[in-house]
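Structural features, examined
Okay, here's what each chain looks like letter by letter:
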Amino acid sequence: MSAFPQKRISATNDFYDFIHPTKRMETVILWDKTRSKGAWTCVDPKEDITNLLDGLNYMTDIYFSPNEFYKWRLGKNLRRLTSFYVDVDCRNLDNLSSSDYNDYIINVLQDTLKKIDDLNIPSPNCVVYTGRGYHLYWRFEPVGAKCLPRWKAVMKRLIEVIDNADPACTDATRMMRLPNTYNSKNGALSDIGFLCDDYYTFDDLCNQILPHTRSEIRDFRAARAKRGLEIKKKTAGQRGRGSIYERWYLVYQDVQKLIVHHFTKNKSESVPEGMRDRLLFHAANALSWFTHKEALESEVKELAAKYFGSLELSKCLAYCSSVLKRASNTKAGEEGELRYKYKSETLYDELQDLIPSELRSHMRALVSSSMRKDKKAAAQRAYRQNRGAVSRSEYQSNMEKRKREAEKLAKRGMTKSTIAEKLGVSLSTVKNYLRKIVAKPTIKEVGAREKNQGSKSVSLYSGRSPELFVSVSVAYVVGCLQYARLCFFPLNKSKKKAACPAGQRYSQILDSS
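Residues numbered from 1 in each chain as written. Predicted model: local features only at pLDDT ≥ 70, side-chain atom pairs only at ≥ 80, totals over all residues. Heavy atoms only, no water.

This paragraph deals with the overall build of the protein. Within the protein, the secondary structure is distributed over 21 helices and 11 strands. For the protein, with 513 residues in total, the buried portion stands at 37%. In the protein, 67% of the contacts between residues at least 6 apart in sequence involve partners at least 24 apart. Accessible surface, the protein: about 30,600 Å² in total, of which carbon and sulfur atoms supply 50%. (Helix = DSSP H or I, 4+ residues; strand = E, 2+ residues; numbered from the N terminus. Buried < 20%, exposed > 50% of the residue type's maximum accessible area, 1.4 Å probe, protein only. Contact = heavy atoms within 4.5 Å. Areas by Shrake-Rupley, 256 points an atom, 1.4 Å probe, with all protein chains shown as cover.)

Structural data, given as structure tokens:
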């Protein structure tokens, strides 16, 4: 490891420029562990962080976020990844003397670097001595948050091969100790040493650290598609079942079925003319969605050599030249998709004349819209039947049986909750069953009953519920009105107002009237 140029720095600003070599696009988080209030600081990309970092030199327990976020340190707010980092804690330090303390950490670090070199893993750009261990940094050109799954795979690999590495480093929101600050656990000052001034690219580091390169992984997926196997979430990373990558996986399988069918039917060394360009183009386009750009051309060549023998290789690549160009220009982790994204109806219209009748039932992606609806409806019916669903007629028949049973139990005096428990239905369902036999009389029913009894009634309030209805005698109302007229409007104005004679009740006056 001595072949790398050694360079010592002491300012936190120098280290920050090392981690963020390009212009910062989003927020960086700083954490002062010693403060209970105001410990967290979000540094906006428009703010000048130089003076802030200068003030943090030789302070205690200061941490920073190597990655960049939108406003706050959350996984969903991640915007850019800047480096791989590993936190290694040296054990059994309490039994060592102060003179052997640093020598032990350096020896452990040298063993780690030797192991990394033996595994053909690139050497870290920077080492930070933290007082009780060290941090290793692999700096690369910043990439977007879409590269997070692959970033985590590399972090898991580094933690697996490095002894005593902290597994929590696989978290992209991890806070790391800022160099040139003190460690409160032992009072040591974190120190920095550069191993290499240059920085890597993200893809180069991933291909050298992971057991398989992206091309090899995508080759595995192409091999699975050729064998007719289902796509697996474990195989496809985050691009698993139900995604656009699974859809193109199925498209490739259907196109391959057509290629094999016509190749076998022709009984020659090639697919017949008139269909070679379409089949090869759509097979290559489907492959471009789940095969890496570096492996795509080799897959197309292999497919052409196996099923399109009568066609020159240069013509095969010419048919697929736009597919290869678009796939190579589409960069992982960045916005702007350039690959062909055909609709299902468009693909079916392009290839429907090549689909024989015996293969239509075996197609999963190259199907018409009506057949897709039928398949979806059949799948939904099967799903509902597996969960215990029944037909509409059977459901209504069972409901009528339960309703009659509920009425019988109600007439025996059972409560609604007991009936619901016995029938295995909800309480509201039982209430609906018994609504007709226990319903209260309505206003119309009360009026009809009074009319049948021969007494007239009037409503003093046009209420809509039986509680607001008041039924009174017509004669009583007339008597009240006559008494009010006599009291307030006497026939002879010279006389005094009529008053109720002593000892005579109002009811007697009303009755006499």
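This part covers the nonpolar core. Of all hydrophobic cores here, the largest spans 60 residues; its most connected members are Phe-84, Trp-138 and Trp-151. Sort the elements by how many residues they give to this core and helix H4 (residues 148–161) lands first, with 7 residues. Setting aside residues no more than four positions away along its own chain, Trp-151 makes contact with Asn-67, Leu-81, Ser-83, Phe-84, Tyr-85, Phe-140, Cys-169, Thr-170, Asp-171, Ala-172 and Phe-202. In terms of nonpolar packing, the next biggest core, distinct from the first, is built from 43 residues, Phe-281, Leu-296, Leu-317 and Leu-366 among them. (Core = buried A, V, L, I, M, F, W, Y, C linked by side-chain atoms within 4.5 Å.)

Interhelical geometry of helix H16 (residues 392–411) versus helix H17 (residues 416–423) gives an angle of 140 degrees and a closest axis separation of 10 Å. Regarding the angle of H16 to H17, the classification is oblique. Helix-helix and strand crossings are classified by hand; for H16 and H17 the assignment is right-handed. Contacts between H16 and H17 pair Arg-402, Glu-405, Ala-406, Leu-409 and Ala-410 from the former with Ile-419, Lys-422 and Leu-423 from the latter. Taken together, the residues of the contact of H16 with H17 break down into 5 nonpolar, no polar and 3 charged. (Axes fitted to C-alpha atoms, helices over the stretch in contact; angles between N-to-C directions. Parallel < 35°, antiparallel > 145°, perpendicular 65-115°, else oblique. Left-handed = near helix turned anticlockwise from the far one by under 90°. Nonpolar A, V, L, I, M, F, W, Y, C, P; charged D, E, K, R; others polar.)

This paragraph deals with a nonpolar patch on the surface. A surface patch of nonpolar side chains, amounting to about 270 Å² of accessible area, comprises Trp-40, Trp-72 and Leu-74. When you line up the elements, Trp-72 lands in the loop between strand S4 (68–69) and strand S5 (78–89). Residue classification places Trp-72 among the partly exposed positions, given a relative accessible area of 32%. (Patch = residues over 30% accessible without salt bridge, like charges linked within 9 Å, V, L, I, M, F, W, Y side chains within 5 Å. Salt bridge = Lys/Arg side-chain N within 4 Å of Asp/Glu carboxyl O.)

On to the packing of helix H8 (residues 244–266) against helix H13 (residues 344–351). Geometrically, a packed helix pair is captured by the angle between its two axes and the distance between the axes. In contact at an axis separation of 13 Å, H8 and H13 are set at 10 degrees when each is read in the N-to-C sense. As summarised for this structure, H8 and H13 are arranged roughly parallel, according to the angle between their axes. Mapping the contact onto sequence places Arg-247, Trp-248, Val-251 and Val-255 in H8 and Ser-344, Leu-347 and Leu-351 in H13.

With that settled, the discussion passes to the environment of Ile-62. In this fold, Ile-62 is placed in strand S3 (residues 62–64). Between the alpha carbons of Ile-62 and Leu-178 there is a distance of 5.7 Å; along the sequence they are 116 residues apart.

This part covers the pairing of S5. A large share of S5 lies buried, amounting to 10 of its 12 residues. Sheet topology places S4 next to S5; 2 bridges connect them, and they run antiparallel. From the neighbouring strand, Phe-69 faces S5, where its bridge partner is Leu-78. Bridging between S5 and strand S7 (residues 133–144) involves 9 bridges; their strand directions are antiparallel. Residue pairing across strands places Val-88 opposite Tyr-134, the latter belonging to S7. (Pairing = 2+ DSSP bridges.)

This part covers the sheet that holds strand S2 (residues 40–43). Two orientations exist for strands paired in a sheet by backbone hydrogen bonds: parallel and antiparallel. Across the sheet, which stays open at both edges, the 4 strands sit in the order S2-S1-S3-S8 with antiparallel pairing between neighbours. The sheet terminates laterally at S2 and strand S8 (176–177), the two strands that pair on one side only. Sheet analysis places strand S1 (residues 28–32) next to S2, joined by 4 bridges and oriented antiparallel. Bridge pairing in S2 places Val-28 opposite Val-43.

Right, let's get into the pattern of salt bridges. Inspection of every chain in the model, using the stated rule, returns 12 salt bridges. Close ionic contact of Arg-174 with Asp-166 constitutes a salt bridge, the shortest N to O distance being 3.0 Å. Accessibility expressed as a relative area gives 17% for Arg-174, which makes it buried. Of the charged contacts, one joins Asp-353 and Arg-278 as a salt bridge, the two residues approaching to 3.1 Å between their closest N and O atoms. Taken as a pair, Asp-353 in the loop between H13 and helix H14 (357–360) and Arg-278 in helix H9 (residues 276–287) lie far apart in primary sequence, 75 residues in all.

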